[in-house]
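# Coordinate analysis (summary)
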Amino acid sequence: MPSTLDESTDPYCLRPGEATELLRGHPWRRFVAIGDSVVEGMCEPTPGYPDVQWVDRVAAELRAVRPELAYRNLGRRGLRAHQVRAAQLAPALAFEPDLALVVCGGNDAFHPAYDADAVDAELTAMISALRDVGADVITVGMFDVSHSPAVPEHVRAGLGERMRRLSAHTARLADRLGTVHVHLTDHPLTADPTLYSTDGRHGSARSDAIATAETLRALRRPPPSHRAR
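To keep things clear, this report deals only with the structure shown in the data block. (Residues numbered from 1 in each chain as written. Predicted model: local features only at pLDDT ≥ 70, side-chain atom pairs only at ≥ 80, totals over all residues. Heavy atoms only, no water.)

### Observations concerning the overall build of the protein chain
Rules: Secondary structure follows DSSP: runs of H or I at least 4 residues long count as helices, runs of E at least 2 residues long count as strands, and numbering of each begins at the N terminus. The quantity called the radius of gyration is restricted to C-alpha atoms. Its globule counterpart is 2.2 Å times the number of residues to the power 0.38. Here the term buried applies to any residue with accessible area under 20% of the maximum for its type, exposed to any over 50%, and partly exposed to those in between, with areas from a 1.4 Å probe on protein chains only. Note on definitions: a residue-residue contact is assigned when non-hydrogen atoms from the two residues lie within 4.5 Å. Using a 1.4 Å probe, accessible areas were evaluated by the Shrake-Rupley method; residue-level cover was limited to the displayed protein chains. Asp and Glu count as negative and Lys and Arg as positive, but His and the ends of the chain are not part of the count. Every charge is mapped to an atom, namely NZ of Lys, CZ of Arg, CG of Asp or CD of Glu.
What the protein chain contains, in helices and strands, is nine helices and five strands. Compactness check: the protein chain gives a C-alpha radius of gyration of 17 Å against a globular reference of 17 Å for 229 residues, within 12% of the reference. In terms of overall dimensions, the protein chain has C-alpha extents of about 50 × 40 × 25 Å along its principal axes. Across the 229 residues of the protein chain, 54% fall into the buried class. Put simply, of all contacts in the protein chain between residues at least 6 apart along the chain, 78% involve residues at least 24 apart. Here the protein chain displays about 10,200 Å² of accessible surface, and carbon together with sulfur accounts for 54% of that area. Of the charged side chains in the protein chain, 26 are positive and 30 negative; the average position of the first set lies 4 Å away from that of the second.

Rendered as C-alpha cells:
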C-alpha cells in the first residue's frame, strides 16, 4: 500500500530548519562521493518527496550552509567494489576532498558467491587512502533491499543474509578506520515496502529522503578524525 505521508509529515524525515541546525558551522569545503548506483542515484519517484537523489541532496544541504562547497559525484551503476576502487579512487583523491562518501559492495552481495573478505579489503583500501589525505569519510549500512516486494520470494532469505553481512562488516570497518557511519539496515522502516523501487534493487524517493536525514544527523557528531586532533 502506498504511503499516505509526504516529507513534511513523515516523522523520519528532516523537519523545517533541521538541516541548517545540524550542519551549522560545518568545516567541509570539498565533498566527493564514490560507489555504485546508490551513489549515482537510482531512486524511484514517490509523490510528496523531492525527486533529488540522496547524495546530491546531502551535497545541497552542505552547500546551503557553505555556498563555496565543491562537490563531485563519481558513482556509477552496476559496479562491484573492486571496480569502484579501480575507476574512482584516483580521481577522488585528485579532487583533494576533505569529506568523502564511500558506498559499494551491494552489487557483490546480490550474488550468492559474495566474498565478504574481498569486499572488506576493497573498502579498507578506499577508506584508508581517503583518510590518509585528510578527508573525513562517510560509510553506510544500507536499507535491507531483500524486503522489497519486487524481490522474488525464493531469493529473499539469502539476499537478506548477505546484505546484513555486508552491513555488519562495513560497521566494523567504520569503527576500526574511524569513519562517520550511517546505519540504515536496522532502521524502523527497513521492511516498509514504500522504501523500495519496483526494480527490486534500489530505493524510492522516500528512502532517499530518510537516508538524507540520517546522514546529516550522523554528520552532526564530531567525525573521529576531528576527535583525534
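### Considering the packing of aromatic side chains
Operational definition: Stacked, tilted and edge-to-face are the three classes assigned to paired rings of Phe, Tyr and Trp, where Trp is represented by its six-membered ring and a pair needs centres within 6.5 Å; plane angles under 30 degrees give stacked, over 60 edge-to-face, the rest tilted. When the NZ atom of lysine or the CZ atom of arginine is within 6 Å of a ring's centre and also within 35 degrees of its normal, the charge is said to sit over that ring.
Per the stated rule, a full pass over the model turns up one aromatic pair. Ring centres of Phe31 and Tyr71 lie 5.4 Å apart, and the angle between their planes is 20 degrees; on these two criteria the pair is classed as stacked. With Phe31 in strand S1 (residues 30-35) and Tyr71 in strand S2 (residues 70-73), this residue pair connects regions lying 40 residues apart in the sequence. Relative accessible area serves as the criterion here: at 0%, Phe31 is assigned to the buried category. Between the NZ or CZ atom of Arg201 and the centre of the ring of Phe110, over which it lies, the distance is 4.0 Å.

### Looking at the nonpolar core
The following threshold applies: Among buried residues, those of type Ala, Val, Leu, Ile, Met, Phe, Trp, Tyr and Cys that are joined through side-chain atoms within 4.5 Å constitute a nonpolar core.
Membership of the largest hydrophobic core comes to 68 residues, with the highest contact counts inside it found for Phe31, Leu62, Leu101, Leu130 and Leu219. By residue number, the principal contributor to this core is helix H8 (residues 205-220), which donates eight residues. Each residue touching Leu219, except ones within four places of it in the same chain, is listed here: Leu23, Trp28, Leu62, Leu99, Ile138 and Val180.

### Section: the packing of helix H4 (residues 81-94) against helix H6 (residues 116-132)
Which entries qualify depends on this criterion: Comment: axis = line fitted to C-alpha atoms, over the contacting stretch for helices; angle = value between 0 and 180 degrees taken between N-to-C directions. In what follows, roughly perpendicular refers to angles from 65 to 115 degrees, roughly parallel to angles under 35, roughly antiparallel to angles over 145, and oblique to any angle outside these ranges. Amino acids outside the nonpolar list (Ala, Val, Leu, Ile, Met, Phe, Trp, Tyr, Cys, Pro) and the charged list (Asp, Glu, Lys, Arg) are all regarded as polar, and Gly is one of them.
Closest axis-to-axis distance for the H4/H6 pair is 10 Å, and the angle between their directions is 5 degrees. Accordingly, the angle class assigned to the pair H4 and H6 is roughly parallel. When H4 is examined against H6, the residues Ala81, His82, Val84, Arg85, Leu89, Ala92 and Leu93 are found in contact with a partner set consisting of Val119, Glu122, Ala125, Met126, Ala129 and Leu130. The class makeup of the residues in the contact of H4 with H6 is 10 nonpolar, one polar and two charged.

### Some details on the side chain of Ser146
Our working rule: Two N or O atoms form a polar contact when they lie within 3.5 Å of each other; inside protein one atom must be a possible hydrogen donor and the other a possible acceptor, and for residues adjacent in sequence the pair counts only when both atoms belong to side chains.
Summarising the element assignment, Ser146 is placed in the loop between strand S4 (136-141) and helix H7 (153-177). The buried category is assigned to Ser146, whose relative accessible area is 4%. Of the polar contacts made by the side chain of Ser146, one reaches the side chain of Asp144; its length is 2.7 Å. Here Ser146 is in contact with Val151, Arg156, Leu159 and Gly160, once residues within four sequence places are set aside.

### Observations regarding the pattern of salt bridges
Condition: By definition here, a salt bridge exists when the distance from a side-chain nitrogen of Lys or Arg to a carboxyl oxygen of Asp or Glu is within 4 Å.
On inspection of all chains with the given rule, the structure shows 15 salt bridges. A salt bridge links Arg217 to Glu18; its shortest N-O distance comes to 2.9 Å. You can see Arg217 sitting in helix H8 and its partner Glu18 sitting in helix H1 (residues 18-23), a full 199 residues away along the chain. Judged by relative accessible area, which is 17%, Glu18 ranks as buried.

### Description of H6
Where we set the bar: A helix's residues, less one, multiplied by 1.5 Å, set its expected span.
Its 17 residues give H6 an end-to-end C-alpha distance of 24 Å, which sits within 8% of 24 Å, the value for a rise of 1.5 Å per residue. Residues of H6 that are buried make contact with S1, H4, strand S3 (99-103), helix H5 (106-109), S4 and H7. A positive backbone phi angle near 95 degrees is found at Gly134, which sits one or two residues after H6.

### Here's the deal with the environment of Arg201
On the secondary structure map, Arg201 appears in the loop between strand S5 (180-183) and H8. The exposure class of Arg201 is partly exposed, given its relative accessible area of 38%. Distance from Arg201 to Asn107, taken between C-alpha atoms, is 9.2 Å for residues 94 residues apart in sequence. When near neighbours in sequence (up to four residues on either side) are disregarded, Arg201 contacts Asn107, Phe110 and Val145. Polar contacts involving the side chain of Arg201 include one to the side chain of Asn107, which spans 3.1 Å.

In short, shape yes, function no, at least from these values alone.
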